[in-house]
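As a plain string of letters, each chain reads:
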Amino acid sequence: MAGRPGTAARGLNEADGGTGVAGNGQGGARRAPARRGNGAQVPAAVKRARAGASATAATAATAATAATAATAATAATAATAATAPRQAHAAPAVPHAASIEALARAYRVRALVLQGGGALGSYQGGVYQGLAEHGIEPDWVAGISIGALNAAVIAGNAPQRRVEQLRSFWEYICGQPWLPSLPHGWMDWDAVDWPDPLRLWYDGWHAMRAVLEGQRGFFVPRSLPKLLSGHVPTGQASFYDTSALRATLERFADFDRINDHRAMRVSLGAVNVHTGNFAYFDNTRETLRPEHFMASGALPPGFPAVEVDGEYYWDGGLVSNTPLAEVLSAQPRRDALIFQVDLWSARGHLPHNLMEVAERQKDIQYSSRTRAVTDALCEQQNLRRLLSEVLELVPPAGREDPWYKRALEHACTARRNVVHLIYRDKSFEGNAKDYQFGRLAMEEHWESGLADIRQTLQHPEWLAMPSAEHPFVTHDVHRDRGHGE
């Protein structure tokens, strides 16, 4: 996964742009003031989880009230199915549920794009739960690194089980394989309110356990003789052994379902170790197996290269940590609503010590310049639309000309709406945040994603189809709060 202990990688080098059409956060649901970003939203949510509060029935009733007579039952069922597996994460009253679902279904493609980021990946689980609460089911999921593992669980389960299985997957891998984990809740609930220096120590202790013990069903350290060996097979040249991940993926995902591209398209990014070229595995072109997902998250030197059909692959984050461009460039070009879920923020605070330098370096490396990508694709789509309008002026007699036909291949009137969500660091997080798999941190990341998508969907107008004059738009709930990219 991107940013494992002892790893280094190179991200894309485009400069941040930020000129796309952006939404704002005015009118979104507000929580307690944050320490930084979403830092204080989570403790309140975690405390509510401790009390076992549940508003599942209220959520379903609210969704049904908002719905039209034709869609009330569907909205209520979607909300209940999404929240029932975990009452601790039950949704508050959600307005506009039916209208949001209808807006999403107006697009030919509804894609979920998941960036890599190791232990931060449970943020994406919270985002998916919020989408499910509103009846938004993607028909395409694309991921890299931990995003690819989340994609496997999402695509490998029936819609009504996805939140439950995704949650179970994260609870499972957040345990240690050797020494027993502390009982959940023994210290976690008190740690929520600890001052930053103590919380940094507490999270660092969990990160150290990941380094020394590994994570259950995910990775374990190799023996010292293996590490000191002068020559080992390519698939064993790493600090950790990830062979247990295969069984974990098969436990939480049905690969027959993953390979049914009619139900959901699945795309994964990886890098060919021999050629250095970026590659996408896609269930519309090949049968996806556990090793395809493992390869997407095989970040060296922490994790070993994974063999797929005679070739060895490493983590796609070595070249690009987000598959957004792959989704937007796919043929045929169609109207698309894309939820881009990033785990690294390109913009951040200036560092003042070596630990902050290491953290900031990692943020920049893996942020993938999503904003620069969307700005470039926005300009490209505007040019394609302009070309389409120019071609409409060509008289019928000239439309058999080879140059007309070549130009027609590049013309496009498709409309794209990118809803961007970016995880915001908490004030007590440091360089180990992407390999700190402690249960409390997992809960906090999940709640941050859930809070961000709920606030985003308080603006159903953001999901409206873009106009012909502006066929490419982006929205980010944080952008107008001084935290945007």
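The numbering scheme is per chain: residues are counted from 1 as the chain's sequence reads. Only residues with pLDDT of at least 70 get local features here, since the model is predicted, and only at 80 or more are side-chain atom pairs given and counted; chain-wide, interface and lining totals rely on the full set of residues. Only hydrogens and water are set aside; all other atoms, that is, all heavy atoms of the structure, feed into the side-chain values.

**Student:** Break down the side chain of serine 145 for me, with residues and values.
**Tutor:** Following the sequence through the fold, serine 145 ends up in the loop between strand E2 (140-143) and helix H6 (146-155). Here aspartate 315 takes part through its side chain, which lies 2.7 Å from a polar atom of the side chain of serine 145. Secondary structure elements are defined from DSSP: runs of H or I of at least 4 residues count as helices, runs of E of at least 2 residues count as strands, and each element is numbered from the N terminus. Here a polar contact is taken to be a pair of N or O atoms separated by no more than 3.5 Å, where protein atoms must pair a possible hydrogen donor with a possible acceptor and residues adjacent in sequence count only if both atoms sit in side chains.

**Student:** Describe unusual backbone geometry, with residues and values.
**Tutor:** The general pattern is negative phi for most residues beyond glycine and trans for most peptide bonds. Omega for the peptide link from proline 300 to proline 301 comes to -5°, which places this bond in the cis form. Looking at where proline 301 falls in the secondary structure, it is placed in the loop between helix H13 (290-296) and strand E7 (306-308). Here the residue pair glutamine 331 and proline 332 is connected by a cis peptide bond, since its omega of -10° sits within 30 degrees of zero. Looking at the element boundaries, proline 332 is found in the loop between helix H14 (324-329) and strand E9 (336-342). Backbone geometry at aspartate 309 places phi at a positive 50°, although glycine is not the residue there. By secondary structure assignment, the location of aspartate 309 is in the loop between E7 and strand E8 (311-315). Note on exposure labels: buried denotes an accessible area under 20% of the residue type's maximum, exposed denotes more than 50%, and partly exposed covers the range between, all computed with a 1.4 Å probe on protein chains only. Note on aspartate 309: relative accessible area 61%, which makes it exposed.

**Student:** How would you explain the packing of aromatic side chains if you had to name every residue and give the values?
**Tutor:** Centre distance and the angle of the planes are the two values used to describe a pair of aromatic rings. Each pair of aromatic rings taken from Phe, Tyr and Trp, with Trp reduced to its six-membered ring, is defined by centres within 6.5 Å and is described as stacked if the planes are under 30 degrees apart, edge-to-face if over 60, and tilted in the remaining cases. Counted according to the given criterion, the structure contains 17 aromatic pairs. With a centroid separation of 5.0 Å and 70° between ring planes, the pair formed by phenylalanine 278 and tyrosine 280 is classed as edge-to-face. Taking the relative accessible area as the measure of exposure, tyrosine 280 reaches 17% and is therefore buried. Ring geometry for phenylalanine 281 against tyrosine 313: centres 5.1 Å apart, planes inclined by 80°, an arrangement best described as edge-to-face. Placement of the pair is phenylalanine 281 in strand E6 (residues 278-282) and tyrosine 313 in strand E8, with a sequence separation of 32 residues. Note on accessibility: phenylalanine 281 and tyrosine 313 belong to one class, buried. Among the aromatic residues, those joined into a cluster by ring pairs are Phe169, Trp170, Tyr172, Phe218, Phe219, Tyr240, Phe252, Phe303 and Phe437. A ring has a charge above it when a Lys NZ or an Arg CZ is no more than 6 Å from the ring centre and no more than 35 degrees off the ring normal. Taking the ring centre of tryptophan 446 as reference, the NZ or CZ of arginine 167 above it sits at 5.0 Å. The ring of tyrosine 172 carries arginine 251 above its face, with NZ or CZ at 4.3 Å from the centroid.

**Student:** Lay out the confidence of the model for the chain in plain terms, naming residues and giving numbers.
**Tutor:** Of all residues in the chain, 75% have pLDDT values of 70 or greater, and the mean over the chain is 80. Note that pLDDT drops below 50 for residues 2-94; the model gives that stretch 216 contacts with residues more than four away or on any other chain. For every residue, the predictor states its confidence as a pLDDT score lying anywhere from 0 to 100. For this analysis, residues touch if any pair of their heavy atoms sits within 4.5 Å.

**Student:** Tell me about the packing of helix H7 (residues 162-173) against helix H11 (residues 244-252), and name the residues and values.
**Tutor:** Simply put, an axis is a line fit to the C-alpha atoms, just over the touching stretch for a helix, and the angle between two N-to-C directions goes from 0 to 180 degrees. Contact geometry of H7 with H11 gives a least axis separation of 10 Å together with a crossing angle of 155°. Comparing their axes, H11 and H7 come out roughly antiparallel. Both H7 and H11 take part in a crossing whose hand is right-handed. Counting all contacts with H7, which are made through Gln165, Ser168, Phe169, Tyr172 and Ile173, the residues of H11 involved are Thr248, Arg251 and Phe252. For this scheme, ten residues count as nonpolar: Ala, Val, Leu, Ile, Met, Phe, Trp, Tyr, Cys and Pro. Four count as charged, namely Asp, Glu, Lys and Arg, and the remainder, Gly too, count as polar. Considering only residue class, the contact of H7 with H11 consists of 4 nonpolar, 3 polar and 1 charged. Each angle is binned into one of four classes, with values under 35 degrees roughly parallel, values over 145 roughly antiparallel, values of 65 to 115 roughly perpendicular, and all other values oblique. Here a crossing is called left-handed whenever its near helix is offset anticlockwise from the far helix by less than a right angle, and right-handed whenever the offset is clockwise.

**Student:** Tell me about the pattern of salt bridges, and name the residues and values.
**Tutor:** When a carboxyl oxygen of Asp or Glu lies within 4 Å of a side-chain nitrogen of Lys or Arg, that pair is called a salt bridge. Inspection of every chain in the model, using the stated rule, returns 24 salt bridges. Across the pair aspartate 309 and arginine 289 runs a salt bridge whose closest N-O atoms are separated by 2.9 Å. One end of the pair, aspartate 309, is in the loop between E7 and E8; the other, arginine 289, is in the loop between E6 and H13, with 20 residues separating them in the sequence. Several salt bridges converge on common partners, so that one network encompasses Arg167, Glu171, Arg439 and Glu443.

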